[in-house]
Amino acid sequence: MKLSIVILTKNNQDTIEYAIKSSLFADEILIIDSGSTDKTLEIAKRYNVKIIHQEWLGYAKQKQFGVDMAKNDWVFVLDSDEEITKELQKEILNILQNPKHKGYYIKRKNIYFGKMLNYGLYPDSHIRLFNKNFGKFNDREVHESVIIKGKVGKLKKYMIHRAYATIEECIDSFNRYSTLGAKNNNFKAIFSANWMFFKIYILKLGFLDGWHGYIVARLYKEYTFWKYIKKPTPSNIHLSK
């Protein structure tokens, strides 16, 4: 089966090359750009990719647009700050020789503030590889996901996510995410926030990631708190993360 990889971009000059280089094994690479003004497209043009300019539609709709533009049935949706490891590339190519499912969950290892986290957030699995005839993105404003009509499998290898270089960048992004996903529930603001910290830091062994593991657990706790104390409001904020 031939594979198309769809990459969304806007001003991702620091990470876009990692994403593209890790995608060169695919039959088609689509760059869906929503108005980059830095060197993102200059870097992308060094490679055999197809660049499509599309005004920002929102995360789910933008990704679905990219999927619809792909010429192959099998697609892999990759964020511009992610990288497909060599081991995962081999597993994908092997799976596509005879796919037994309509979609596959892919694990991620996240890099926060220069450190790869092996616990806490891991495995952070998402459906990224799927047959577009049987899969489609839902309409959620944030934390969108793919809905598959059929069986879904899991791949063993993982990809890398260069999440945030600084704490300030993370806080800014979490603030915007919590605005888009606001649910205004005071009860959950207290209990869900504390549960989030306990789950990441204790249950998922985030403490084994050291000081970084503690910081990330605290940041996710705060993000959850913000999400439930904010009131839902219409927004067309362009989130780069």
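Everything numeric in this text was worked out from a predicted model, so none of it was measured.

**Digging into the overall build of the protein chain**
Looking only at helices and strands, the protein chain has 7 helices and 11 strands in total. Relative to the globule expectation of 18 Å for 241 residues, the C-alpha radius of gyration of the protein chain, 18 Å, shows essentially globular dimensions. Considering only C-alpha atoms, the protein chain reaches an extent of 45 × 35 × 35 Å along its principal axes. Across the 241 residues that make up the protein chain, the buried fraction comes to 51%. Once local pairs closer than 6 in sequence are excluded, the contacts in the protein chain between residues at least 24 apart make up 74%. Of the charged side chains in the protein chain, 39 are positive and 25 negative; the average position of the first set lies 7 Å away from that of the second.

**Concerning the confidence of the model for the protein chain**
Per-residue confidence for the protein chain gives a mean pLDDT of 95, with 97% of residues at or over 70. In this model, residues 236–241 is a region of pLDDT below 50 whose contacts with residues beyond four sequence positions or in other chains number 23 contacts.

**Structural notes on a nonpolar patch on the surface**
Together, Tyr 119, Trp 195, Phe 198, Ile 202, Leu 203, Leu 205, Phe 207 and Leu 208 line one region of the surface with nonpolar side chains, adding up to about 730 Å² of accessible area. Among the structural elements, Ile 202 can be located in helix 6 (residues 186–203). Under the relative-accessibility criterion, Ile 202 is labelled partly exposed at 36%.

**Points about the pattern of salt bridges**
This model, assessed by the stated rule, comprises 9 salt bridges. Across the salt bridge formed by Arg 108 and Glu 82, the nearest N and O atoms sit 2.5 Å from each other. With Arg 108 in strand 6 (residues 103–112) and Glu 82 in strand 5 (residues 82–84), the pair connects residues that are 26 residues apart, well separated along the chain. Each of Lys 63, Asp 79, Glu 82, Arg 108, Asp 124, Arg 128 and Glu 144 takes part in one network of salt bridges that share partners.

**Some words on the nonpolar core**
Note that soluble globular proteins tend to have their nonpolar side chains buried in a common cluster. In terms of nonpolar packing, the biggest core is built from 39 residues, with Tyr 112, Phe 113, Phe 130, Tyr 164, Phe 174 and Tyr 220 touching the most fellow members. With 6 residues, helix 7 (residues 210–229) is the largest single contributor of residues to this core. Counting residues in hydrophobic clusters, the runner-up holds 27 residues, among them Ile 5, Ile 20, Ile 31 and Ala 44.

**Brief notes about the packing of helix 6 against helix 7**
In the contact formed by helix 6 and helix 7, the axes pass within 8 Å of each other and the chain directions differ by 160 degrees. Looking at the two axes, helix 6 sits roughly antiparallel to helix 7. The handedness of the crossing between helix 6 and helix 7 comes out as right-handed. Across from Asn 186, Lys 188, Ala 189, Ser 192, Ala 193, Asn 194, Met 196, Phe 197, Ile 200 and Tyr 201 in helix 6, the residues of helix 7 making contact are Gly 213, Tyr 214, Ala 217, Arg 218, Tyr 220, Lys 221, Thr 224, Phe 225, Tyr 228 and Ile 229. Of the residues assigned to the contact of helix 6 with helix 7, the class counts are 12 nonpolar, 5 polar and 3 charged.

**Points about the packing of aromatic side chains**
One pair of aromatic rings is described through two measures. These are the centre distance and the angle between the planes. Summed over the entire model, instances satisfying the criterion amount to 16 aromatic pairs. Relative to Phe 137, the ring of Phe 130 lies with its centre 6.2 Å away and its plane at 80 degrees, an arrangement referred to as edge-to-face. Judged by centre distance (5.2 Å) and plane angle (50 degrees), the rings of Phe 174 and Tyr 223 are tilted. With Phe 174 in helix 5 (residues 167–180) and Tyr 223 in helix 7, this pair connects stretches of sequence that are 49 residues apart. Side by side, Phe 174 and Tyr 223 carry an identical accessibility label, which is buried. Members of the aromatic cluster, connected to one another through ring pairs, are Tyr 112, Phe 113, Tyr 164, Phe 174, Tyr 220 and Tyr 223. If you follow Arg 162 out to its NZ or CZ, it ends over the ring of Tyr 18, 3.7 Å from the centre.

The rules behind each value
- Residues numbered from 1 in each chain as written.
- Predicted model: local features only at pLDDT ≥ 70, side-chain atom pairs only at ≥ 80, totals over all residues.
- Heavy atoms only, no water.
- Helix = DSSP H or I, 4+ residues; strand = E, 2+ residues; numbered from the N terminus.
- Rg over C-alpha atoms; globule rule 2.2 N^0.38 Å.
- Buried < 20%, exposed > 50% of the residue type's maximum accessible area, 1.4 Å probe, protein only.
- Contact = heavy atoms within 4.5 Å.
- Lys, Arg positive; Asp, Glu negative; His and termini not counted.
- Charge placed at Lys NZ, Arg CZ, Asp CG, Glu CD.
- pLDDT = per-residue confidence, 0-100.
- Patch = residues over 30% accessible without salt bridge, like charges linked within 9 Å, V, L, I, M, F, W, Y side chains within 5 Å.
- Areas by Shrake-Rupley, 256 points an atom, 1.4 Å probe, with all protein chains shown as cover.
- Salt bridge = Lys/Arg side-chain N within 4 Å of Asp/Glu carboxyl O.
- Core = buried A, V, L, I, M, F, W, Y, C linked by side-chain atoms within 4.5 Å.
- Axes fitted to C-alpha atoms, helices over the stretch in contact; angles between N-to-C directions.
- Parallel < 35°, antiparallel > 145°, perpendicular 65-115°, else oblique.
- Left-handed = near helix turned anticlockwise from the far one by under 90°.
- Nonpolar A, V, L, I, M, F, W, Y, C, P; charged D, E, K, R; others polar.
- Phe/Tyr/Trp six-rings, centres within 6.5 Å; stacked < 30°, edge-to-face > 60°.
- Lys NZ or Arg CZ within 6 Å of the ring centre and 35° of its normal.

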